[in-house]
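Commentary on secondary and tertiary structure
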Amino acid sequence: MEVAWHLAKNSSNDFSDGFIRDLGRFYGGSNPADLSLEETRYSITRIYIGDEFCENLLPDPDELSKLCDLADKKDLLLTLLTPVLTDRGIEDSIDLFDRLALWNPRAEVVINDLGVLFFLRKKYPGFQLSMGRLFNKGFKDPRLENKDIQASGQMESFLNDCPFNHENMQVLAKGLGLQRFER
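A short tour of the structure in this document, coming up.

Parameters at a glance
Residues numbered from 1 in each chain as written. Predicted model: local features only at pLDDT ≥ 70, side-chain atom pairs only at ≥ 80, totals over all residues. Heavy atoms only, no water. Phe/Tyr/Trp six-rings, centres within 6.5 Å; stacked < 30°, edge-to-face > 60°. Helix = DSSP H or I, 4+ residues; strand = E, 2+ residues; numbered from the N terminus. Salt bridge = Lys/Arg side-chain N within 4 Å of Asp/Glu carboxyl O. Buried < 20%, exposed > 50% of the residue type's maximum accessible area, 1.4 Å probe, protein only. Pairing = 2+ DSSP bridges. Right-handed = clockwise from strand over helix to strand, strands pointing away. Axes fitted to C-alpha atoms, helices over the stretch in contact; angles between N-to-C directions. Parallel < 35°, antiparallel > 145°, perpendicular 65-115°, else oblique. Left-handed = near helix turned anticlockwise from the far one by under 90°. Contact = heavy atoms within 4.5 Å. Nonpolar A, V, L, I, M, F, W, Y, C, P; charged D, E, K, R; others polar.

For the rest of this paragraph, the subject is the packing of aromatic side chains. All chains considered together, the criterion is met by five aromatic pairs. Plain terms: the ring middles of Phe-164 and Phe-181 are 4.4 Å apart, the flat faces sit at 20° to each other, and that makes the pair stacked. Remark: Phe-181 occurs in the segment after helix H7 (167–175) and Phe-164 occurs in the loop between helix H6 (153–159) and H7; sequence separation between them is 17 residues. Taken together through their ring pairs, the aromatic side chains of Phe-97, Phe-119, Tyr-124 and Phe-127 make up a single cluster.

This part is about the pattern of salt bridges. One pass over the full model with this rule turns up six salt bridges. With a shortest N-O distance of 2.8 Å, Arg-180 and Glu-108 are connected by a salt bridge. In this pair, Arg-180 sits in the segment after H7 while Glu-108 sits in strand E4 (residues 108–111), placing the two residues 72 residues apart along the sequence. Relative accessible area serves as the criterion here: at 29%, Arg-180 is assigned to the partly exposed category. What makes Glu-108 buried here is its relative accessible area of 9%. Among the salt bridges present, the one from Glu-182 reaches Arg-180, with a minimum N-O distance of 2.8 Å. Glu-182 sits in the buried class, given a relative accessible area of 11%.

What follows deals with the pairing of strand E2 (residues 46–50). The buried count for E2 comes to five of five residues, which makes it a mostly enclosed element. Across five bridges, E2 lies against strand E3 (residues 77–81) in parallel orientation. Bridging from a neighbouring strand, Ile-49 pairs with Leu-80 of E3. Taking the sense of rotation as the criterion, the β-α-β connection linking E2, helix H2 (residues 61–74) and E3 turns out right-handed.

To continue, consider the packing of helix H4 (residues 94–103) against helix H5 (residues 114–123). At their nearest, the axes of H4 and H5 sit 12 Å apart, and the two run at 45° to each other. As far as their axial angle goes, H5 and H4 are oblique. In this structure, H4 meets H5 at a crossing whose hand is right-handed. Here Ile-94, Phe-97 and Asp-98 of H4 lie close against H5, whose contacting residues are Phe-119, Leu-120 and Lys-123. Class assignment for the residues of the contact of H4 with H5 results in four nonpolar, no polar and two charged.

Purely geometric stuff here, so don't read any function into it on its own.
Listed below in structure tokens is the structure:
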């Protein structure tokens, strides 16, 4: 298992202000650039940035550059999470992808739609692409937590199934050149 720190911005603050503050809290100080990863009880190996659900929560290219610098200083890997994007959303993200490719042409990008996958495969063939959680079409219903509902063994098996475990999904992912599944 890999320990990652997912840095995200929200609508009330911008990403670059929040990530230094949050990492500082995590590391027990105010400036993570001055702290060593060995000072934590966790062994962080990767920074996740971006969002799987909303393109407005992606970092801008300057914020990405700051995180790439931080990843270099701390010897961390960096993964960009991408949501489902329209053609316009993909066009609007080109500067972000360019910045990531400039930092590391083999950086990991988690994709959550086939349009982004095919665009990145064509324009950034070195990116290490992973299949995102939105491709997991498993059944999710919070009512199933109700202990009064009894499900047969077959029904329980269906409800707890993950498409990523199926051979056809694994063959598809391999054929598309995807490196791993994000769960």
